Amino acid sequence: MAKKASRITLYRRIWCKIRYWQQLREVTDAELASYLQVGERTLHEYDKSAENVTLGRVDNLLYVTGMELDELMAL
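As the structure is a prediction and not an experimental result, all values here were calculated from the model.

Asks: I tried to follow the nonpolar core on my own but got confused; where do I start?
Replies: Side chains that are nonpolar tend, in soluble globular proteins, to be buried together. Ranked by internal contacts, the top residues of the largest apolar core, which has 18 residues, are Trp-15, Ile-18, Trp-21, Leu-32, Leu-36 and Leu-43. Elements supplying a minimum of two residues to this core: helix H1 (10–25), helix H2 (29–36), helix H3 (40–48) and helix H4 (55–65). The leading source of residues in this core is H1, at 4 residues. For Leu-32, the residues in contact, after removing those within four places along its chain, are Trp-15, Ile-18, Arg-19, Trp-21, Gln-22, Val-27, Leu-43 and Leu-61.

Asks: What is the right way to read the packing of aromatic side chains from this model?
Replies: When we look at a pair of aromatic rings, we describe it by the centre distance and by the angle of the planes. This model, assessed by the stated rule, comprises 2 aromatic pairs. With a centroid separation of 5.1 Å and 75 degrees between ring planes, the pair formed by Trp-15 and Tyr-46 is classed as edge-to-face. One end of the pair, Trp-15, is in helix H1; the other, Tyr-46, is in helix H3, with 31 residues separating them in the sequence. Here Trp-15 falls in the buried class, since its relative accessible area comes to 1%.

Asks: Looking at this model, I keep getting lost on the side chain of Gln-22. Mind explaining?
Replies: With respect to the element layout, Gln-22 can be found in helix H1. Exposure remark for Gln-22: the relative accessible area of 6% places this residue in the buried category. One polar contact links Gln-22 to Arg-19, side chain to side chain, over a distance of 2.7 Å. Among residues more than four places away in sequence, those in contact with Gln-22 are Val-27, Thr-28, Asp-29 and Leu-32.

Asks: Just to check I follow, could you spell out the packing of H1 against H2 for this structure?
Replies: In a packed pair of helices, the relevant descriptors are the angle between the two axes and the axis-to-axis distance. Viewed as axis vectors pointing N to C, H1 and H2 meet at an angle of 130 degrees, and their least axial separation amounts to 11 Å. Between H1 and H2, the crossing angle belongs to the class labelled oblique. Like other packed secondary-structure pairs, H1 and H2 cross with a definite hand, here right-handed. When H1 is examined against H2, the residues Trp-15, Ile-18, Arg-19, Trp-21 and Gln-22 are found in contact with a partner set consisting of Asp-29, Leu-32, Tyr-35 and Leu-36.

Asks: For this particular structure, what's the right way to read unusual backbone geometry?
Replies: Note: most residues except glycine have negative phi, and most peptide bonds are trans. For Glu-26, which is not a glycine, the phi torsion comes out positive at approximately 55 degrees. Tracing the chain through its elements places Glu-26 in the loop between H1 and H2. You can call Glu-26 exposed: its relative accessible area is 70%.

Asks: Would you explain the pattern of salt bridges in this entry?
Replies: Opposite charge on two side chains allows them to pair when their charged atoms are near. In the structure shown here, the tally under the stated rule is 3 salt bridges. Across the pair Arg-19 and Asp-29 runs a salt bridge whose closest N-O atoms are separated by 2.8 Å. With Arg-19 in helix H1 and Asp-29 in helix H2, this pair connects stretches of sequence that are 10 residues apart. Accessibility expressed as a relative area gives 16% for Arg-19, which makes it buried. Notably, a salt bridge pairs Arg-19 with Asp-47, separated by 2.9 Å at the nearest N-O pair. With Arg-19 in helix H1 and Asp-47 in helix H3, this residue pair connects regions lying 28 residues apart in the sequence. Given a relative accessible area of 29%, Asp-47 falls into the partly exposed group. Shared partners join several salt bridges into a network, and the residues in it are Arg-19, Asp-29 and Asp-47.

About the thresholds
- Residues numbered from 1 in each chain as written.
- Predicted model: local features only at pLDDT ≥ 70, side-chain atom pairs only at ≥ 80, totals over all residues.
- Heavy atoms only, no water.
- Core = buried A, V, L, I, M, F, W, Y, C linked by side-chain atoms within 4.5 Å.
- Buried < 20%, exposed > 50% of the residue type's maximum accessible area, 1.4 Å probe, protein only.
- Helix = DSSP H or I, 4+ residues; strand = E, 2+ residues; numbered from the N terminus.
- Contact = heavy atoms within 4.5 Å.
- Phe/Tyr/Trp six-rings, centres within 6.5 Å; stacked < 30°, edge-to-face > 60°.
- Polar contact = N/O pair within 3.5 Å; in protein donor to acceptor, adjacent residues only side chain to side chain.
- Axes fitted to C-alpha atoms, helices over the stretch in contact; angles between N-to-C directions.
- Parallel < 35°, antiparallel > 145°, perpendicular 65-115°, else oblique.
- Left-handed = near helix turned anticlockwise from the far one by under 90°.
- Salt bridge = Lys/Arg side-chain N within 4 Å of Asp/Glu carboxyl O.

In structure tokens form, the structure reads like this:
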């Protein structure tokens, strides 16, 4: 049997796309936190474990920025 490869979860993939978008747009952590309606400390917790990123938080970001989910995922 082949060794089980580690996979990237959907939560982690979405969070990486958000962080990449942040770098492209030169958005500060404070601004990103306000878009997601969380504290800056929570952003750093998401960096460690993205499992707590909810669809509601992602939807807040998409609404405020006028972006669609497929645009975010295409980055």
